[in-house]
Amino acid sequence: MSRAAMAILIAVCTAAIAGEPPIVRTINFIDLDAPGALEIVRRERPDHFAKIRKILSEAPDQAPEVAPRWLRAQFDASVVEYGVVLTSDPPKARLSFFLGDSAYKTVITLRNVRPRALPAK
């Protein structure tokens, strides 16, 4: 289960225990790889656009095990998912994160991870 789904489930359960009606919200991720997506973010959320540009330029150099912490510390991102490294050359990873109340996702090409052959077992 993704962290975003888990966070929503916990919020609903907490509200139910407290006797409050649950607030269910659909989260739409903005696919930064879609044509024109960055331009829309630039126009509508210039504060996010500046952070996203820096994330897209620096994330490929971050090791997969430190990337989520790096995003939280440097950009105040939350619910960071640094997904499965795709088996390609060069390798790629799925990255999703929240900036404020906006959710973003993209596929990045990693610069610090190189594929290596492992012997068959």
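Residues numbered from 1 in each chain as written. Predicted model: local features only at pLDDT ≥ 70, side-chain atom pairs only at ≥ 80, totals over all residues. Heavy atoms only, no water.

**Concerning the overall build of the chain**
Across its full length, the chain holds four helices and four strands. Expressed as a percentage of the 121 residues in the chain, the buried residues total 28%. Across the chain, contacts joining residues at least 24 apart in sequence account for 44% of those joining residues at least 6 apart. As presented, the chain carries roughly 8,100 Å² of accessible surface, and 57% of it is formed by carbon and sulfur atoms. (Helix = DSSP H or I, 4+ residues; strand = E, 2+ residues; numbered from the N terminus. Buried < 20%, exposed > 50% of the residue type's maximum accessible area, 1.4 Å probe, protein only. Contact = heavy atoms within 4.5 Å. Areas by Shrake-Rupley, 256 points an atom, 1.4 Å probe, with all protein chains shown as cover.)

**Some remarks on the environment of Arg45**
Its place among the elements puts Arg45 in the loop between helix H2 (37-44) and helix H3 (46-58). Judged by its relative accessible area of 27%, Arg45 is partly exposed. When the C-alpha atoms of Arg45 and Ser102 are compared, they prove to be 9.5 Å apart, with 57 residues separating the residues in sequence.

**Notes on the packing of aromatic side chains**
Here the structure, examined in full by the defined rule, presents three aromatic pairs. Residues Phe29 and Phe98 carry aromatic rings whose centres are separated by 5.8 Å and whose planes lie at 75 degrees to one another, so their mutual orientation is edge-to-face. Taken as a pair, Phe29 in strand S1 (residues 29-31) and Phe98 in strand S3 (residues 92-99) lie far apart in primary sequence, 69 residues in all. (Phe/Tyr/Trp six-rings, centres within 6.5 Å; stacked < 30°, edge-to-face > 60°.)

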